[in-house]
Amino acid sequence: MELRSTAMELLPLVCLCLLTWSGTTFADGNEPKIIGVTEGSDVTLPCSLSSREDIQGKRFEWKKDGQEVFLYDGSPLSGQDLQFKGRVSYFKEELKNGNASITIRDTKRADNGIYTCDFPYLQPKRQTFHIQLVFGAAPKPFIRILGETKDGELVQCEVSGASPKPLVQWKDSSGNILPAKDPQVSERGGRYDITLQTTVTETGNYTCVSTQEEINHQIYSETFVRVNGEFLFISVFHSQTILIIHLLSVLENIFSCIQTEYKTN
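Structural notes, computed from the coordinates.

Conventions adopted
- Residues numbered from 1 in each chain as written.
- Predicted model: local features only at pLDDT ≥ 70, side-chain atom pairs only at ≥ 80, totals over all residues.
- Heavy atoms only, no water.
- Phe/Tyr/Trp six-rings, centres within 6.5 Å; stacked < 30°, edge-to-face > 60°.
- Helix = DSSP H or I, 4+ residues; strand = E, 2+ residues; numbered from the N terminus.
- Buried < 20%, exposed > 50% of the residue type's maximum accessible area, 1.4 Å probe, protein only.
- Disulfide = S-S within 2.5 Å.
- Pairing = 2+ DSSP bridges.
- Axes fitted to C-alpha atoms, helices over the stretch in contact; angles between N-to-C directions.
- Polar contact = N/O pair within 3.5 Å; in protein donor to acceptor, adjacent residues only side chain to side chain.
- Contact = heavy atoms within 4.5 Å.
- Core = buried A, V, L, I, M, F, W, Y, C linked by side-chain atoms within 4.5 Å.

1. Let's talk about the packing of aromatic side chains
So, step 1. One pass over the full model with this rule turns up seven aromatic pairs.
So, step 2. Between Phe60 and Phe119, the ring centres sit 5.8 Å apart and the planes meet at 45 degrees, which makes this aromatic pair tilted. In this pair, Phe60 sits in strand S3 (residues 59–64) while Phe119 sits in strand S7 (residues 113–119), placing the two residues 59 residues apart along the sequence.
So, step 3. Given a relative accessible area of 1%, Phe119 falls into the buried group.
So, step 4. Judged by centre distance (6.4 Å) and plane angle (80 degrees), the ring pair of Phe119 and Phe129 falls under edge-to-face.

Structural data, given as structure tokens:
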């Protein structure tokens, strides 16, 4: 047991030595930097040397699963994979500051994966940065007002075809999360359909929020809900108030007539 414990303690040191020997630098500690993206949008993959040294005349390579994404060696090189042809740009003016970041336009599901930004001939040691691009679909929630119940107005939020699976919540105008029924969830091909219902007891603005932490994305829809029971109460109260005022006016006129008749006699 003691020998095993010692081996476990030495394992992180061995890994650290291997990383130091290979000259590999991860973008975020020991894990790839995760960047979320939705279909059809543009995304920038960051890659910058901490030394901020001029890399205008140096070679760096962007690859994904063996595919050539972007090659540079004093100028952009040919050999780019057809998947990325005409869709990748770099920051020419930022090269003097050690910035080798690229932008991929009009992202597609096939772009999902781990990218490496490699400086193969950098001195004193080679550096490689890792970026994980997480592809997602983030449709806007659709809201339905289903009608009045004995407890209030029933409203429903629908999120269809979302990926990765979102957290769907109802919120009031102050941002408070409303209690809701258990969501109805179905999945097909990695995309999720979610339906969430809640009962509203007060008239006002309400928001359905869909949050996807994996791709750092949030989208919402808002609606105005009129609670009929509340308006009925106000209407009845208002009518009764008018009726009372009218009766008081009639009584006042009757009393005035009686006084006039009394003075005449």
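2. So, the state of the cysteines
Two cysteines, two sulfur atoms, one covalent bond between them: this is a disulfide.
So, step 1. Here the structure, examined in full by the defined rule, presents two disulfides.
So, step 2. A sulfur-sulfur separation of 2.1 Å characterises the disulfide bridge that pairs Cys47 with Cys117. Since a negative S-S torsion denotes a left-handed disulfide, the Cys47-Cys117 link at about -75 degrees is left-handed. Here Cys47 is found in the loop between strand S2 (43–45) and S3, whereas its partner Cys117 is found in strand S7, with 70 residues between them in sequence.
So, step 3. With its sulfur 1.9 Å from that of its partner, Cys157 forms a disulfide with Cys208. Taking the torsion about the S-S bond as the criterion, the Cys157 to Cys208 disulfide, at about -75 degrees, is left-handed. With Cys157 in strand S10 (residues 153–162) and Cys208 in strand S14 (residues 204–212), the pair connects residues that are 51 residues apart, well separated along the chain.

3. Side note on the sheet that holds S14
So, step 1. On the basis of which strands lie adjacent, the open sheet formed by three strands has the order S11-S14-S15 and antiparallel pairing. Looking along the sheet, the strands with just one partner apiece sit at the ends: strand S11 (167–172) and strand S15 (217–225). Between one strand axis and the next, the sheet turns through 20 degrees on average, direction left out of account.
So, step 2. Bridging between S14 and S15 involves nine bridges; their strand directions are antiparallel. Residue Asn205 lies in a different strand from S15, and its bridge partner there is Phe224.

4. What to know about the side chain of Glu61
So, step 1. The residue Glu61 is located in strand S3 in this model.
So, step 2. Within the structure, the side chain of Glu61 is placed 2.6 Å from the side chain of Arg59, a separation counted as a polar contact.
So, step 3. Dropping the residues within four chain positions of it, Glu61 is found in contact with Phe70, Leu71, Thr116, Cys117, Asp118 and Pro120.

5. So, the pairing of strand S13 (residues 191–200)
So, step 1. Where burial is concerned, most of S13 is hidden: seven out of the ten residues are buried.
So, step 2. Inspection of the sheet shows S10 paired to S13 by eight bridges, in the antiparallel sense. Paired with Gln156 across the two strands is Gln197, which belongs to S13.
So, step 3. Where strand S12 (residues 184–188) hands over to S13, the hairpin turn is made up of two residues, of which Gly189 adopts a positive phi near 60 degrees.

6. Quick look at the side chain of Glu158
So, step 1. Relative to the assigned elements, Glu158 resides in strand S10.
So, step 2. Among the polar contacts listed, one links the side chain of Glu158 to the side chain of Gln156, at a separation of 2.6 Å.
So, step 3. Residues within four places of Glu158 in sequence aside, it is in contact with Lys140, Pro141, Phe142, Arg144, Ile194 and Thr195.

7. Concerning the pairing of strand S8 (residues 127–136)
So, step 1. Counting buried residues in S8 gives nine out of ten residues, a clear majority hidden from the surface.
So, step 2. Where strand S1 (residues 33–38) meets S8, six bridges bridge the pair, whose relative direction is parallel. The residue of S8 that forms the bridge with Lys33 is Ile131.
So, step 3. Taken together, the seven bridges between S7 and S8 define a ladder with antiparallel strand orientation. Bridging across to S8, Tyr115 finds its partner in Ile131.

8. Looking at the nonpolar core
So, step 1. Within the largest apolar cluster, 26 residues are counted, with the highest numbers of intra-cluster contacts made by Leu45, Phe60, Trp62, Tyr115 and Phe119.
So, step 2. Broken down by secondary-structure element, the contributors of at least two residues to this core are S1, S2, S3, strand S4 (67–73), strand S6 (102–104), S7 and S8.
So, step 3. By residue number, the principal contributor to this core is S8, which donates four residues.
So, step 4. Excluding residues that lie within four positions of it along the chain, Leu45 makes contacts with Ile35, Trp62, Ser101, Ile102, Ile104, Tyr115, Ile131 and Leu133.
So, step 5. Listed in part, the 15 residues of the second largest apolar core include Ala162, Leu196, Val200 and Val225.

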